[in-house]
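Read off the chains here:
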Amino acid sequence: SAVISQKPSRDICQRGTSLTIQCQVDSQVTMMFWYRQQPGQSLTLIATANQGSEATYESGFVIDKFPISRPNLTFSTLTVSNLSPEDSSIYLCSVGTGTQETQYFGPGTRLLVL
Amino acid sequence: GENVEQHPSTLSVQEGDSAVIKCTYSDSASNYFPWYKQELGKRPQLIIDIRSNVGEKKDQRIAVTLNKTAKHFSLHITETQPEDSAVYFCAASHNFGNEKLTFGTGTRLTIIP
């Protein structure tokens, strides 16, 4: 399976600021996804990061709040903009290899907004 | 879109007994059903998965069953051990890991020594 890293692993931010999260994979992957896991909750897909084109957002998530980049097949960033305490969550990237395998998750970024 | 329901939300089981977690899905186009285990502060880890052309799959103490007609699938853990304590999530997808996963709400499993 792919080895996935995320930076930062955790951060504390002030409201109104932004945080950019990086996801790096050790091999080229077809699909990259960004999920949010609010405290004590399940995982909710924010968007699919498309290489070379705009991300595909799920209902309730918008590009202005969660801009995503995917410049190549091994790297993606998620920015959480104009932070509020409600954005305090774990943000996880995941990858699909394009084969008949499951998605593998990065270690997550734990965000606390004060 | 897909909706996945998961029950129970919490489950306490005596060590050595069996645990069963059940999920239902709404989209008949879903064909891939993974189960993830998430320990506190860790990422979700795949423990077993099943594809729509299979009714049952087993891996040591863990098994998953799928009923496509009824649109439900279940996780069975036998001979439970303290290290099985975690939150378990079921999920559904149209195309293995290559399309979005829709997750259930999770089950917190506690194994009582």
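Below: a short report on this structure.

What counts as what
Residues numbered from 1 in each chain as written. Chains lettered and ligands numbered in written order. Predicted model: local features only at pLDDT ≥ 70, side-chain atom pairs only at ≥ 80, totals over all residues. Heavy atoms only, no water. Helix = DSSP H or I, 4+ residues; strand = E, 2+ residues; numbered from the N terminus. Rg over C-alpha atoms; globule rule 2.2 N^0.38 Å. Buried < 20%, exposed > 50% of the residue type's maximum accessible area, 1.4 Å probe, protein only. Salt bridge = Lys/Arg side-chain N within 4 Å of Asp/Glu carboxyl O. Polar contact = N/O pair within 3.5 Å; in protein donor to acceptor, adjacent residues only side chain to side chain. Contact = heavy atoms within 4.5 Å. Pairing = 2+ DSSP bridges. Buried area = accessible area lost by both parts, 1.4 Å probe. Axes fitted to C-alpha atoms, helices over the stretch in contact; angles between N-to-C directions.

1. Remarks on the overall build of chain B
Next up, step 1: Looking only at helices and strands, one finds zero helices and eleven strands in chain B.
Next up, step 2: Mapped in sequence order, the helices and strands of chain B form the string β-β-β-β-β-β-β-β-β-β-β.
Next up, step 3: Its C-alpha atoms give chain B a radius of gyration of 13 Å, near enough to 13 Å, the size a compact globule of 113 residues would have.
Next up, step 4: Scored against the burial criterion, the 113 residues of chain B give a buried share of 45%.

2. Some words on the pattern of salt bridges
Residue and element names in this part refer to chain A.
Next up, step 1: If you walk through the whole model with that rule in mind, you get five salt bridges over all chains.
Next up, step 2: The closest approach of N and O atoms between aspartate 87 and lysine 65, which form a salt bridge, is 2.7 Å. Placement of the pair is aspartate 87 in the loop between strand S8 (75-80) and strand S9 (89-96) and lysine 65 in the loop between strand S6 (56-57) and strand S7 (68-72), with a sequence separation of 22 residues.
Next up, step 3: For aspartate 87, a relative accessible area of 5% puts it in the buried group.

3. Looking at the side chain of threonine 107 of chain B
Residue and element names in this part refer to chain B.
Next up, step 1: Checked against the element boundaries, threonine 107 lands in strand S11 (residues 107-112).
Next up, step 2: Note on threonine 107: relative accessible area 0%, which makes it buried.
Next up, step 3: Engagement of the side chain of threonine 107 in a polar contact is seen with the side chain of glutamine 6, the distance being 3.0 Å.
Next up, step 4: With residues up to four places along the chain from it excluded, the contact list for threonine 107 reads Gln6, His7, Pro8, Ser9, Leu11, Ile21, Ala86, Val87 and Tyr88.

4. Points about the pairing of strand S8 (residues 72-77) of chain B
All names here are of chain B.
Next up, step 1: For strand S3 (residues 19-25) and S8, the ladder comprises six bridges, and the chain directions are antiparallel. Residue pairing across strands places threonine 24 opposite histidine 72, the latter belonging to S8.
Next up, step 2: Pairing of strand S7 (residues 62-67) with S8, which is carried by six bridges, proceeds in the antiparallel orientation. Pairing of asparagine 67 across the sheet is with histidine 72, part of S8.
Next up, step 3: Between the end of S7 and the start of S8, which pair antiparallel, lie four residues, with lysine 71 showing a positive phi angle near 55°.

5. Remarks on the interface of chain A and chain B
Next up, step 1: Each partner contributes to the interface: chain A provides 23 residues, whereas chain B provides 20 residues.
Next up, step 2: Interface area for chain A against chain B, summed over the two sides, is near 1,700 Å², with a carbon-plus-sulfur share of 50%.
Next up, step 3: Looking only at chain A, the three residues that lose the most surface to chain B are Gln100, Thr102 and Phe105 of chain A, adding up to 30% of its buried area.
Next up, step 4: Along the contact surface separating chain A from chain B lie one salt bridge.
Next up, step 5: Residue glutamate 58 of chain A pairs with lysine 100 of chain B through a salt bridge whose shortest N-O separation is 2.7 Å.

6. As for the sheet that holds S8 of chain B
Residue and element names in this part refer to chain B.
Next up, step 1: The strand order S1-S3-S8-S7-S6 describes an open sheet built from five strands, whose pairing is antiparallel. The open sheet has two free edges, formed respectively by strand S1 (4-7) and strand S6 (56-59), since each of these has just one partner strand. Direction aside, the axes of adjacent strands within the sheet are offset by 15° on average.
Next up, step 2: Pairing analysis gives four bridges linking S1 to S3, with the strands arranged antiparallel. What sits directly across from glutamate 5, in S3, is threonine 24.

7. Points about the sheet that holds S8 of chain A
Residues and elements named next belong to chain A.
Next up, step 1: The four strands lie next to each other as S1-S3-S8-S7, forming an open sheet whose pairing is antiparallel. Single-partner strands in this sheet number two, and they are strand S1 (4-7) and S7. Neighbouring strand axes in the sheet, compared pairwise and without regard to direction, differ in orientation by 15° on average.

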